[in-house]
Amino acid sequence: MSILLDENTPFIVQGITGREAVSLTRECLDYGAGAQVVGGVTPGRLGRQVHGVPVFDTVEQAVEHHGGPIQGSVVTVPPAFTKDAVLEAIEHGVELIVIVTERIPRRDTAQMVERANEKGARIIGPNCLGVIVPDVIKMGGIGGPAQDASKAYTPGPVGVISRSGGMTTEMSSTLTAAGLGQSTAVSIGGDAIIGSSYAELMPLFEADDQTEAIVIYTEPGGRMEAELAEWVRENDSRLPIVAFMAGRFMDEMPGMSFGHAGTIVEGKEDTAAEKIARLGEAGIQVAEEISEIPDLVKQKMGATA
Amino acid sequence: MRFFEYEAREIVKQAGIPVTDFGFATSADQAREIAERIDGATVIKSQVLTGGRMKAGGVQFAETVDEAAEHAEAILKLEINDHVPRGVLVDPRAELEHEYYAGVVWDGIRKQPVMLFSDMGGIDIEEVAEKHPDHVGRAHFSTLRPLSDFQAKEVIAATGVTGRPLTRITPILTRLAELFLERDMTLAEINPLGELADGSFVALDAHMDMETEARPRHKKLLEDLGVGSEETRQARESTEFELAGEEVDAMDHRGVAGNVTEFDGNLGLVIGAGGGSLTLFDAVRAHGGDPANYCEIGGNPSVRKAAGLAKLVLEKPGVDKIAVMMSIVSNTRVDIVARGVVKACLELGYDPAEKIAIFRVPGAWEEEGFKILDHYGVEYTDRSVSMHEAARRAVEKIPSSA
């Protein structure tokens, strides 16, 4: 199986007429079994089509046209309009919202997440590439065009969670080359506040029969890795975790942010060194190089089998 | 984006929180005028975006107007941690009965803001939290619903504060929390919040950080404070090389070829994307390499921009070769990056095979990219060579500086 979505998950693309959204829609339609992109929303563009997908002014119109609940939405609208688009999706029963947009202030993200929590919806991102179930479906730009995504991702036992969209593909490709496929790979986004953290996705992977190990990509900034370490200690997880930490050089440059907005180090617990120590204490192996990850995963999987 | 103290205090004042009758001066004469207006003992404080002012001698006490002017003169010349002061703040000296702390920050795990209060003000809140946890009150609050005073009251009462201080501080903490959200701050702190002899309260120092992404929403405030859009207020000022990087990125709106940070090594880096750049920079250093810069390519930049970035790095004094490396790309086209970096070498009169230590950008349109590199004899690899291995090969090609 997979987490978050499968081949029967219909979704819409909000901001579908934007340049990036048009190619993202094509990619999702082409990949695996072909995503059910049941509509797109761009205010004022009712009646158009993008690769055969009907465009609506409102989410409500899209739901009405679909004739049933729409589970997912990929949000690609500009930062100033993202919060409104997400609140609209939540209001109309969308349960899984992938926010691709970058440069969204934390206040907006916090408001979207608070509303999602009230209504039982889940947010992935912002500043992410989405979710992919290898050979089945992808929701978002993750992996790129269908043929490129097929090169990097194959079905298998490893769940991938990454704060970097590009590194989700790099790590999955490395796993694939070593004969380790992926159950689901999630690009969770590079911002300081995101809808779903490692620890929040772990129970989903835990409940997924296909998943036998987890690989995560981490960075300095924030307490998400500490939260994961706490989760691992408090829950007797069956899943071994292998981590990779990028941006170690940032420890020498406090107050500066590189790569993603969320890498800003604001406290003692945020540094790469501190995170590596915490992950290690929780029994999470931290690889020095990406190329070591497959062997570490195989060792760990052998040990728990 | 951090504000200077005099700006932060202005923000606090605008939110209806009482402040002293302070003034900001950029010359000793101006400082004298403010001291004359205050007509009493003053404190002269250096306006720098760095800590340790007191220790460095950037805060001085004056009894007379002449003394205030003298201190201002000295402090204006005093560099603190390599920061030249923007000016000095001239503050009436307040006799304090007690010092408190009030602050608001984000909690990225709960995904909500949290207000903090301590009756042990004037010192670092992290230290208080560590040594005297019962003297720190805290509570998360909603970003959707309006704040009510009782939330602040509970936080303050939790530290044992009661009586008139409790009722007087409550609206101050509430206003600080509101201002934190309204102004898109990532940190809003009043420390110390001073209690005067007459029982009134006043913000004696304030620290405010606004989220960079939210700056466009607060144009009016920034304009009023005189903060120009060119002021990034990063932890360190941008270098000329970094500013030139911004110009490259601004050539057109296609993709990113920028976020350049200067280092002093000999291996120029043309790397991407966000996470890939972090990984590759670490990888170069892990193999003993000495990067000349950090940068990010992403989102499919134009050939012109990729070439502009490569040229900038190639022309940086001390750069021997460049390494062109990225994690697997899906929306950036490999051939465009290849074309850009080769073009940069040719335009500068270099042999691309000589100047490009390695090209490791696998992904979309790679066959086309590899054809171009073949033509110029540049060493390249596909995804079968890891990012760390590519970094190692690049470092090996740089003659050791010894």
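Residues numbered from 1 in each chain as written. Chains lettered and ligands numbered in written order. Predicted model: local features only at pLDDT ≥ 70, side-chain atom pairs only at ≥ 80, totals over all residues.

**As for the overall build of chain B**
Then, in step 1: Summing up its helical and strand segments, chain B has 15 helices and 15 strands in all.
Then, in step 2: Each of the three principal axes of chain B carries a C-alpha extent, and together these read 80 × 50 × 40 Å.
Then, in step 3: Out of the 402 residues belonging to chain B, those deemed buried represent 50%.
Then, in step 4: Once local pairs closer than 6 in sequence are excluded, the contacts in chain B between residues at least 24 apart make up 69%. (Helix = DSSP H or I, 4+ residues; strand = E, 2+ residues; numbered from the N terminus. Buried ≥ 20, exposed ≤ 12 C-beta atoms within 10 Å, placed from the backbone. Contact = placed C-beta atoms within 7 Å.)

**Considering the overall build of chain A**
Then, in step 1: When you go through chain A residue by residue, the secondary structure sums to 10 helices and 14 strands.
Then, in step 2: The burial tally for chain A puts 59% of its 305 residues in the buried class.
Then, in step 3: Across chain A, every contact between residues at least 6 apart in sequence was considered, and the portion connecting residues at least 24 apart equals 73%.

**Some words on the pairing of strand S10 (residues 155-162) of chain A**
Residue and element names in this part refer to chain A.
Then, in step 1: As paired strands, S10 and strand S11 (residues 182-187) are joined by 5 bridges and run parallel to one another. Residue pairing for S11: Ile161 is matched across the bridge by Val186.
Then, in step 2: For the crossover that starts at S10, traverses helix H6 (residues 165-177) and ends in the parallel S11, the hand is right-handed.
Then, in step 3: Across 5 bridges, the pairing between S10 and strand S12 (residues 213-218) is parallel. Paired with Gly159 across the bridge in S12 is Ile214. (Pairing = 2+ DSSP bridges. Right-handed = clockwise from strand over helix to strand, strands pointing away.)

**Things to note about the interface of chain B and chain A**
Then, in step 1: Residue-level contacts link 38 residues of chain B with 47 residues of chain A.
Then, in step 2: Taken together, the elements giving at least two residues each to the side of chain B that touches chain A come down to helix H10 (274-286) and helix H15 (387-396) of chain B.
Then, in step 3: When grouped by side-chain class, the residues that make up the side of chain B that touches chain A number 13 nonpolar, 18 polar and 7 charged. (Nonpolar A, V, L, I, M, F, W, Y, C, P; charged D, E, K, R; others polar.)

**Remarks on the domain arrangement of chain B**
Then, in step 1: Taken as a whole, chain B is organised into domain 1 (22-92), domain 2 (96-225) and domain 3 (240-396).
Then, in step 2: Using C-alpha coordinates to define each centre, domain 1 of chain B is positioned 26 Å away from domain 2 of chain B. (Domains from an automatic or database assignment.)

**A closer look at the environment of Arg360(B)**
Residue and element names in this part refer to chain B.
Then, in step 1: Following the sequence through the fold, Arg360 ends up in strand S15 (residues 356-360).
Then, in step 2: Take Arg360: there are 25 C-beta atoms within 10 Å of it, and that puts it in the buried class.
Then, in step 3: Considering only alpha carbons, one finds Arg360 and Met325, 35 residues apart in sequence, at a separation of 4.5 Å.
Then, in step 4: Beyond its immediate stretch of four places on either side in the chain, Arg360 contacts Met325, Tyr380, Thr381, Val385, Met387 and Ala390.

**What about helix H8 (residues 224-234) of chain A?**
Residues and elements named next belong to chain A.
Then, in step 1: Listed in full, the buried residues belonging to H8 are Met224, Glu225, Leu228, Ala229 and Val232. Looking down the long axis of H8, one finds its buried residues gathered within 145 degrees of arc, a one-sided arrangement. In H8, the exposed positions angled more than 90 degrees off the buried face are occupied by Arg233 and Glu234. (Arc of directions from axis to C-beta.)

**Thoughts on the pairing of strand S13 (residues 241-245) of chain A**
Residue and element names in this part refer to chain A.
Then, in step 1: Here S13 lies mainly inside the structure; 5 of its 5 residues are buried.
Then, in step 2: Side chains Ile241, Ala243 and Met245 of S13 all project onto a buried face; the interleaved residues Val242 and Phe244 project onto the opposite face, where all are buried too.
Then, in step 3: Note: S12 against S13, 5 bridges, orientation parallel. Each bridged residue has a counterpart across the sheet, and for Ile214 the counterpart in S13 is Ile241.

**Quick look at the environment of Arg86(B)**
Residues and elements named next belong to chain B.
Then, in step 1: Among the structural elements, Arg86 can be located in the loop between helix H4 (65-77) and strand S4 (88-92).
Then, in step 2: On the neighbour-count criterion, Arg86 (17 C-beta atoms within 10 Å) is partly exposed.
Then, in step 3: Between the C-alpha atoms of Arg86 and Leu96, which are 10 residues apart in sequence, the distance is 28 Å.
Then, in step 4: Setting aside its immediate chain neighbours within four residues, Arg86 contacts Phe4 and Gln47.

**Description of helix H7 (residues 163-182) of chain B**
All names here are of chain B.
Then, in step 1: The end-to-end C-alpha separation of H7 is 30 Å, in line with the 28 Å expected for 20 residues at 1.5 Å each.
Then, in step 2: Of all the residues in H7, the buried ones are Ile169, Thr170, Ile172, Leu173, Thr174, Leu176, Ala177 and Phe180.
Then, in step 3: Where H7 ends, the next residue or the one after it, Asp184, has phi of about 50 degrees, a positive value. (Expected span 1.5 Å × (residues − 1).)

**Here we look at the nonpolar core**
Then, in step 1: Of all hydrophobic cores here, the largest spans 219 residues; its most connected members are Val90(B), Leu173(B), Leu269(B), Val270(B), Ile322(B), Met325(B) and Val341(B).
Then, in step 2: With 8 residues, the single largest contributor to this core is helix H12 (residues 334-347) of chain B. (Core = buried A, V, L, I, M, F, W, Y, C linked by C-beta atoms within 7 Å.)

**Side note on the packing of H6(A) against H10(B)**
Then, in step 1: In contact at an axis separation of 6 Å, H6(A) and H10(B) are set at 65 degrees when each is read in the N-to-C sense. Residues Gly166(A), Met167(A) and Glu170(A) of H6(A) touch H10(B), and the partners they reach there are Gly274(B), Gly275(B), Gly276(B) and Thr279(B).
Then, in step 2: Partitioning the contact of H6(A) with H10(B) into residue classes produces 1 nonpolar, 5 polar and 1 charged. (Axes fitted to C-alpha atoms, helices over the stretch in contact; angles between N-to-C directions.)

**A short note on the sheet that holds S10(A)**
Residue and element names in this part refer to chain A.
Then, in step 1: Judged by pairing direction, the sheet is mixed, and its 7 strands sit side by side in the order S9-S8-S11-S10-S12-S13-S14 without closing on themselves. Of all strands in the sheet, those bounded by a partner on one side alone are strand S9 (137-139) and strand S14 (285-287). For this sheet the average axis-to-axis angle between neighbouring strands, irrespective of direction, equals 20 degrees.
Then, in step 2: Here helix H7 (residues 198-206) sits on the sheet in contact with S10, S11 and S12, set at roughly 165 degrees to S10.

**Observations concerning the sheet that holds strand S4 (residues 53-56) of chain A**
Residue and element names in this part refer to chain A.
Then, in step 1: Taken in spatial order, the 7 strands of this open sheet run S3-S4-S2-S1-S5-S6-S7, and their pairing is mixed. The open sheet has two free edges, formed respectively by strand S3 (49-50) and strand S7 (122-124), since each of these has just one partner strand.
Then, in step 2: Bridging between strand S1 (residues 11-14) and strand S5 (residues 72-75) involves 4 bridges; their strand directions are parallel. Counterpart to Gln14 in the pairing with S5 is Val75.

**Things to note about the packing of H7(A) against H8(A)**
Residues and elements named next belong to chain A.
Then, in step 1: The N-to-C vectors of H7 and H8 enclose an angle of 40 degrees; their axes lie 8 Å apart at closest approach. Here H8 runs oblique to H7, going by the angle between their axes. Taking contact as the criterion, the partners of Tyr198, Ala199 and Met202 in H7 are, on H8, Met224, Glu227, Leu228 and Trp231.
Then, in step 2: Its residues placed into classes, the contact of H7 with H8 shows 6 nonpolar, no polar and 1 charged. (Parallel < 35°, antiparallel > 145°, perpendicular 65-115°, else oblique.)

**Structural notes on the environment of Lys151(A)**
Residues and elements named next belong to chain A.
Then, in step 1: As for its position among the elements, Lys151 is in helix H5 (residues 146-152).
Then, in step 2: Taking the number of C-beta atoms within 10 Å as the measure of exposure, Lys151 has 21 and is therefore buried.
Then, in step 3: Sequence separation between Lys151 and Thr169 is 18 residues; the distance between their C-alpha atoms is 9.7 Å.

**Considering unusual backbone geometry**
One can expect most non-glycine residues to show negative phi and most peptide bonds to be in trans.
Then, in step 1: Gly125(A) connects to Pro126(A) through a cis peptide bond whose omega is 10 degrees.
Then, in step 2: Mapped onto the fold, Pro126(A) is located in the loop between S7 and strand S8 (130-133).
Then, in step 3: The omega angle of the peptide bond from Asn191(B) to Pro192(B) is 5 degrees, so this bond is cis rather than trans.
Then, in step 4: Mapped onto the secondary structure, Pro192(B) falls in strand S8 (residues 185-196).
Then, in step 5: We note that Asn300(B) has phi near 60 degrees; this positive angle belongs to a residue other than glycine.
Then, in step 6: Mapped onto the fold, Asn300(B) is located in the loop between strand S13 (293-298) and helix H11 (303-314).
Then, in step 7: Judged by the 20 C-beta atoms lying within 10 Å of it, Asn300(B) falls in the buried class.

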